[in-house]
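# Structural overview
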Amino acid sequence: MKKVCFVCLGNICRSPMAEFVMKSLTDELEIESRATSGWEHGHPIHEGTQGILKQYGIAYDVKKDSTKMSSDDFEYFDVIIGMDASNVENLKAMSDPKYHNKIVQFAEESVPDPWYTGDFEDTYQRVLSGCQEWVKKLT
Ligand code: 4NP
């Protein structure tokens, strides 16, 4: 089974949203999410992301908490998907170049961060359409 990891800055808004939307779309991938920073380490999924997942009937793990990408994670995952251009840049800066071919951007356009925009609906719609494309590519 291919192992996929979604990554954003805090691992409380966008990447957990992508993790659980993707899990709702396929059973054929191992899917997790991580942060590029330790800023939210141990914190639960943002209530705005929990709210939008509930609104659209997407099951999620209430015990999921923010975890920073480790050096073992770069080895373990087959595909490492940054939610925006700066996440991709940071992922490359924090990893050995031998892993750079695993690191890709979620969509051509960066997924806006609802931590700053407050617009979880817009982020959800982009995450949903992006995940539908990733399922096609990876399964
Ligand atoms: P995320 O959003 O990267 O989509 O999880 C953020 C969460 C927390 C912070 C920034 C972005 N923060 O500054 O703590």
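My aim in this report is to walk through the structure given alongside it, one point at a time. (Residues numbered from 1 in each chain as written. Predicted model: local features only at pLDDT ≥ 70, side-chain atom pairs only at ≥ 80, totals over all residues. Heavy atoms only, no water.)

## Details of the overall build of the chain
Definition in use: Every helix listed is a DSSP run of H or I at least four residues long, and every strand listed is a run of E at least two residues long, numbered separately from the N terminus. Each radius of gyration reported is based on C-alpha atoms, and the globular scaling rule is 2.2 Å times the count of residues to the power 0.38. Buried, partly exposed and exposed residues are distinguished by accessible area as a fraction of the type maximum, computed with a 1.4 Å probe on protein chains only: under 20%, between the cut-offs, and over 50%, respectively. Here, residues are in contact when the closest pair of their heavy atoms is within 4.5 Å. Areas reported as accessible are Shrake-Rupley estimates using a 1.4 Å probe. Residue values count occlusion only from the protein chains shown. When charges are counted, Lys and Arg are positive and Asp and Glu negative, with His and the chain ends excluded. By convention, the charge on Lys lies at NZ, on Arg at CZ, on Asp at CG and on Glu at CD.
Each helix and strand in the chain was counted, giving 6 helices and 4 strands. Beginning at the N terminus, the succession of helices and strands in the chain can be written as β-α-β-α-α-β-α-β-α-α. In summary, the chain has a C-alpha radius of gyration of 13 Å against a globular reference of 14 Å for 139 residues, a match within 12%. Oriented by its inertia axes, the alpha-carbon framework of the chain measures out at about 40 × 35 × 30 Å. Within the span of the chain, comprising 139 residues, buried residues form 49% of the whole. Excluding contacts between residues fewer than 6 apart, the proportion of contacts in the chain whose partners are at least 24 apart in sequence is 74%. Of the roughly 6,900 Å² that the chain leaves accessible, carbon and sulfur atoms contribute 49%. Measuring between centres, the 15 positive side-chain charges of the chain sit 4 Å from its 23 negative side-chain charges.

## Topic: the nonpolar core
In plain terms, the rule: We define a nonpolar core as any set of buried Ala, Val, Leu, Ile, Met, Phe, Trp, Tyr and Cys residues linked to one another through side-chain atoms lying within 4.5 Å.
Residues Phe6, Met17, Met22, Met83, Phe106, Val127 and Cys131 are the most contacted members of the largest nonpolar core, which totals 29 residues. When residues of this core are traced back to their parent elements, those giving at least two are β1 (2-8), α1 (14-25), β2 (29-35), α2 (47-55), β3 (79-82) and α6 (120-138). At 7 residues, the largest contribution of residues to this core is made by α6. Here Met22 is in contact with Phe6, Leu29, Ile31, Cys131, Trp134, Val135 and Leu138, once residues within four sequence places are set aside. Membership of the second largest hydrophobic core comes to 10 residues, among which are Cys5, Met69, Leu91 and Tyr99.

## Remarks on the site of the ligand
Using the following cut-off: A molecule or strand has a residue near it when one of that residue's heavy atoms lies within 4 Å. N or O atoms closer than or at 3.5 Å make up a polar contact, with two conditions inside protein: a donor-capable atom paired with an acceptor-capable one, and, for residues adjacent in sequence, both atoms drawn from side chains.
Lining the immediate environment of the ligand, one finds Cys8, Leu9, Gly10, Asn11, Ile12, Cys13, Arg14, Trp39, Glu40, Asp113, Trp115 and Tyr116. In the model, an oxygen atom of the ligand is placed 3.2 Å from a nitrogen or oxygen of the Asn11 main chain. Here Ile12 contributes a backbone N or O atom positioned 3.0 Å from an oxygen atom of the ligand. With the chains in place, 94% of the 360 Å² that the ligand exposes on its own is no longer accessible.

## Some thoughts on the packing of α2 against α6
As a reminder of what qualifies: For helices, the fitted axis covers only the stretch in contact; all axes are lines through C-alpha atoms, and the angles between them, taken along N-to-C directions, range from 0 to 180 degrees. Small angles under 35 degrees read as roughly parallel and large ones over 145 as roughly antiparallel, with 65 to 115 read as roughly perpendicular and the rest as oblique. Left-handed describes a crossing in which the near helix is turned anticlockwise from the far one by less than a right angle; the clockwise case is right-handed. Only Asp, Glu, Lys and Arg are considered charged in this grouping, and only Ala, Val, Leu, Ile, Met, Phe, Trp, Tyr, Cys and Pro are considered nonpolar; every other residue, Gly among them, is considered polar.
Interaxial distance between α2 and α6 falls to 10 Å at its minimum, and their mutual angle equals 60°. Between α2 and α6, the angle is such that the two are oblique. In this structure, the crossing between α2 and α6 has a hand that is right-handed. Contacts from Gly48, Thr49, Ile52 and Gln55 of α2 reach α6 at Phe120, Glu121 and Tyr124. Looking at side-chain class alone, the contact of α2 with α6 contains 3 nonpolar, 3 polar and 1 charged residues.

## A few points about the packing of aromatic side chains
Heads up, the rule is: For this analysis, a ring pair means two rings from Phe, Tyr or Trp (six-membered ring only for Trp) whose centres lie within 6.5 Å, classed as stacked if their planes differ by under 30 degrees, edge-to-face if by over 60, and tilted for the remaining angles. Two limits define a charge over a ring: the Lys NZ or Arg CZ must be within 6 Å of the ring centre, and within 35 degrees of the ring normal.
Considering all chains together, one arrives at 5 aromatic pairs under this definition. Pairing Tyr76 with Phe77 gives two aromatic rings, centres 5.2 Å apart and planes at 85°, and the pair type is edge-to-face. A residue is classified by how much of its surface remains accessible, and Phe77, at 0% relative accessible area, is buried. Over the aromatic face of Tyr76 sits the side chain of Lys3, whose NZ or CZ is 4.9 Å from the ring centroid. Sitting over the face of the ring of Trp134, Lys137 holds its NZ or CZ atom 4.2 Å from the ring centroid.

All we've got here are geometric facts, nothing functional implied.
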